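Fold and contact review
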Protein chains: 2
Amino acid sequence: MNKGKLHLVPNILSEDGHYCLPAYLTPLLSGLKYFVVEEIKSARRLLKKLNASINIDQLEFWMLNEHQSEIPPEVMHRLKDGDEIAYISEAGCPGIADPGQNLAAYAHQIGAEVIPHTGPNSILLALMASGFNGQQFCFHGYLPNKQPLLGQKIQYLETESRQRNQSQIFIETPYRNQQLFQELLKTGHGETKLCIATDLTGKQEKITTRKIREWKNHLPEMHKVPTVFILYAGIY
Amino acid sequence: MNKGKLHLVPNILSEDGHYCLPAYLTPLLSGLKYFVVEEIKSARRLLKKLNASINIDQLEFWMLNEHQSEIPPEVMHRLKDGDEIAYISEAGCPGIADPGQNLAAYAHQIGAEVIPHTGPNSILLALMASGFNGQQFCFHGYLPNKQPLLGQKIQYLETESRQRNQSQIFIETPYRNQQLFQELLKTGHGETKLCIATDLTGKQEKITTRKIREWKNHLPEMHKVPTVFILYAGIY
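Conventions adopted
- Within any chain, residue numbers begin from 1 and follow the written order of that chain's sequence.
- Ligands are numbered from 1 and chains lettered from A, in the order in which they are written.
- Confidence filtering applies because this is a predicted model: local features only for residues at pLDDT of at least 70, side-chain atom pairs given and counted only at 80 or more, and all residues used for totals across whole chains, interfaces and linings.
- Side-chain measures here rest on the full set of heavy atoms in the structure, leaving out hydrogens and waters.
- Only residues with pLDDT of at least 70 in both copies count here: their C-alpha atoms drive the least-squares fit that superposes the copies.
- Note on contacts: a residue pair qualifies if any of its non-hydrogen atoms lie within 4.5 Å across the two residues.
- All axes here are fitted lines through C-alpha atoms, helices being fitted over the stretch that makes contact, and every angle between N-to-C directions spans 0 to 180 degrees.
- Strands here are runs of E lasting at least two residues and helices are runs of H or I lasting at least four, both read from the DSSP assignment and numbered beginning at the N terminus.
- Reported orientations rely on four angle classes, namely roughly parallel under 35 degrees, roughly antiparallel over 145, roughly perpendicular from 65 to 115, and oblique for the rest.
- In this scheme the handedness of a crossing depends on how the near helix is turned from the far one: anticlockwise by less than a right angle means left-handed, clockwise means right-handed.
- Following the grouping adopted for this structure description, the nonpolar residues are Ala, Val, Leu, Ile, Met, Phe, Trp, Tyr, Cys and Pro, the charged ones are Asp, Glu, Lys and Arg, and the polar ones are all others, Gly among them.
- For any pair of parts, buried area is found by adding up, for both, the accessible area (1.4 Å probe) each one loses once the two are put together.
- Salt bridge, as used here, is a side-chain nitrogen of Lys or Arg placed within 4 Å of a carboxyl oxygen of Asp or Glu.
- Whenever a nitrogen or oxygen atom comes within 3.5 Å of another N or O atom, the pair is scored as a polar contact, on the condition that within protein one atom can donate a hydrogen and the other can accept it, and that pairs from neighbouring residues in sequence are kept only if both atoms are in side chains.

With that settled, the discussion passes to the relation of the copies chain B and chain A. The operation linking the two copies of the chain is a rotation about an axis combined with a translation along the axis. When chain B is fitted to chain A, the residual RMSD is 0.0 Å, and the transformation amounts to a turn of 180° plus an axial shift of 0.0 Å. Taken together, the rotation and translation relating the two chain copies correspond to the operation of a two-fold axis. The fraction of interface residues of chain B whose copies in chain A are also interface residues reaches 100%, indicating that both copies meet through the same surface.

Residue and element names in this part refer to chain A. Running from amino to carboxyl end, helix α6 (residues 149-164) crosses helix α7 (residues 177-187) at an angle of 60°, the nearest separation of the two axes being 10 Å. Here α7 runs oblique to α6, going by the angle between their axes. In terms of crossing hand, the pair formed by α6 and α7 is right-handed. Together, Leu150, Gly151, Ile154, Gln155 and Glu158 of α6 and Leu180, Glu183, Leu184 and Thr187 of α7 make up the contact between the two elements. Residue classes in the contact of α6 with α7 are distributed as four nonpolar, three polar and two charged.

Moving on to the interface of chain B and chain A. Listed by partner, the interface residues are 56 residues for chain B and 56 residues for chain A. Here chain B meets chain A over a buried area of about 4,200 Å², counting both sides, of which 58% is carbon and sulfur. By the criterion of area lost to chain A, the three top residues of chain B are Gln101, His108 and Met128 of chain B, representing 16% of everything that side buries. Inspection of the chain B/chain A interface yields two salt bridges. Across the contact surface, chain B and chain A share 16 residue pairs in polar contact (both at pLDDT 80 or more). Mapped onto the side of chain B that touches chain A, the elements with two or more residues apiece are α4 (101-110), β5 (113-116), α5 (122-130), β6 (137-142), α6 (149-164) and β9 (206-211) of chain B.

Dropping the structure here:
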């Protein structure tokens, strides 16, 4: 095995969410020179916030995201040569609903060490707080956003939740949150439970679990705010 | 909505894993008086480690775990009366593969605030580091430990992983890790990928991803050590 190391570094979920990061990440990141990032702005902001005296111009950055999913050849060489590299997500934990997984897969292929670091993750925080089954759960990413596919998918997730006693977790682009919510009310069974977790770790954090029939008298405030949806039709 | 608050507090995953916890948990926990815990020993140890001057005898503890899954009536009263209570898991994040979910569900019912805190979680850390699909994944808890059910379940998870392009995450009681590993080698397809993540955040942390046919020449060191298994037969 070579000595290359890939650090998977979580980023904050909300503007004022640095309090969630463990303190040891500051000296760790301050000692590294090579960074692969999902988005340059949020990664620089994280580094600067954790260590105001860091000289960002002396660091090297490469992009890896949905538009640039090929691992840069220089990153491959660095890892093979035994260098330490950090991958920083745009928000939350690398490799969970983001493209950092390619890089982790490559590191395993060449025998480099892969080190995941603890930090905030909206899927996990929402599930913890939902009150739903945390022994069996599924994350589905984004649901289809067009009809009739969206309605069919919701029905399918609900049926499977009931049959398998499984919590079904999904997300949506923030400006479409309300459309998804309306479709959940329309399609879901009245007794099915729905947890809506908005602005996690932020000042407006709000996590509410209700039956779908109870949600019908409420419109949650989630327009353009990052939100995690969890549906549960099992018996917990 | 009443003013009761339920804090969901992660516990460390390994003996020396306190470095993973965000610093703000120390003043938060030092200011609370009421604790519901999965296991008394690990919760006291966490409190004492975070704040050596804490007077544990002045705090109130109630148990909530697989043996005592009824929420103590006094805890219900406290939450209804507007008190702040913390639930501390035995290891990792409350409500994920542990019984804290009952308490979170109750808090939602009475309109108390539910606040999930960031901390280490072995499922999430393993998935981040696996190099597998983090856009679609399922956690299945414990698999059946008897034959032929175990073999059937592994085949079923593998088929579903291929069809749905889904990472399949599961755990086992540590002293049975090696049996599960042997069964995975026997039942799984040679090209299916298997990630074994052992002693996460601990001194012996080791995360390795290989195809099943490649694992056949290796026996990972995981006997009696907490381990997360992830199987992936999709195309990522």
